[in-house]
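For reference, the chains in residue letters:
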Amino acid sequence: VQLQASGGGLVQAGGSLRVSCAANGRTFSSRVMGWFRQAPGKEREFVASISWSGPSTYYADAVKGRFTISRDKARNTVYLQMNSLKPEDTAVYYCAARNLGYDSPTPSLQEYVYWGQGTQVTVSS
């Protein structure tokens with residue numbers, strides 16, 4: 001599975017941005033997908049995850065109520081809609097795919113076996 005993240009950019013605090021992750025692979029629709037982020041000098045952290053069946057999602061407390069993860073199986077794409085952005089949301093955002101055989105969203109970085117290259121999101125104050 002190859003993952004290609006896109007849609008990052010510069011936005012003012014309070015604004016919105018949507019990042020996308022396009023997957024190349026027949027098994028995309030059967031994989032739990034996740035978004036992580038990494039700010040300079042910090043460890044990579046979990047943001048959001050979605051089951052392959054679609055209805056189950058899981059969010060980090062820091063983004064709950066502001067970010068929404070979704071997926072479009074026909075387009076082999078997962079999205080992260082980010083609203084009410086804050087300067088502390090500034091980071092490189094990575095999408096990731098979990099191993100087959102699971103349908104539960106998970107925040108555990110070690111559970112994801114395929115990673116995209118990341119897209120930069122910068123929120124100015």
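Keep in mind that what you see is a predicted model, and the values were worked out from it rather than measured.

**Quick word on the overall build of the protein chain**
For step 1, the next point in the chain: Looking only at helices and strands, one finds zero helices and 11 strands in the protein chain.
For step 2, the next point in the chain: Starting at the N terminus and ending at the C terminus, the protein chain contains elements arranged as β-β-β-β-β-β-β-β-β-β-β.
For step 3, the next point in the chain: Here the C-alpha radius of gyration of the protein chain, 13 Å, is about what a compact globule of 125 residues would show, namely 14 Å.
For step 4, the next point in the chain: Principal axes of the C-alpha set define a box for the protein chain whose edges measure 40 × 25 × 25 Å.
For step 5, the next point in the chain: Sequence-distant contacts, at least 24 apart, represent 60% of the contacts inside the protein chain between residues at least 6 apart.

**So, the environment of Gly 7**
For step 1, the next point in the chain: One can find Gly 7 in the loop between strand 1 (2-6) and strand 2 (9-12).
For step 2, the next point in the chain: You can call Gly 7 partly exposed: its relative accessible area is 35%.
For step 3, the next point in the chain: Measuring from C-alpha to C-alpha, the distance between Gly 7 and Val 121 comes to 8.5 Å, with 114 residues separating the pair along the chain.
For step 4, the next point in the chain: Beyond its immediate chain neighbours, meaning those up to four positions away, Gly 7 contacts Leu 17, Arg 18, Val 19 and Thr 119.

**Points about the environment of Gly 41**
For step 1, the next point in the chain: Here Gly 41 shows up in the loop between strand 4 (33-38) and strand 5 (45-50).
For step 2, the next point in the chain: On a C-alpha basis, the gap between Gly 41 and Val 63 in space is 20 Å, while along the polypeptide they are 22 residues apart.

**Here's the deal with the pattern of salt bridges**
For step 1, the next point in the chain: According to the stated counting rule, one finds six salt bridges in the structure shown.
For step 2, the next point in the chain: As a salt-bridge pair, Arg 37 and Glu 45 come within 2.6 Å of each other at their nearest N and O atoms.
For step 3, the next point in the chain: Arg 37 serves as the salt-bridge partner of Asp 89, at 2.9 Å between the closest nitrogen and oxygen. With Asp 89 in the loop between strand 8 (77-82) and strand 9 (91-98) and Arg 37 in strand 4, the pair connects residues that are 52 residues apart, well separated along the chain. In this pair, the class of Asp 89 matches that of Arg 37, namely buried.

Criteria and cut-off values
Residues numbered from 1 in each chain as written. Predicted model: local features only at pLDDT ≥ 70, side-chain atom pairs only at ≥ 80, totals over all residues. Heavy atoms only, no water. Helix = DSSP H or I, 4+ residues; strand = E, 2+ residues; numbered from the N terminus. Rg over C-alpha atoms; globule rule 2.2 N^0.38 Å. Contact = heavy atoms within 4.5 Å. Buried < 20%, exposed > 50% of the residue type's maximum accessible area, 1.4 Å probe, protein only. Salt bridge = Lys/Arg side-chain N within 4 Å of Asp/Glu carboxyl O.

Honestly, that's just the spatial picture; any functional story needs more than this.
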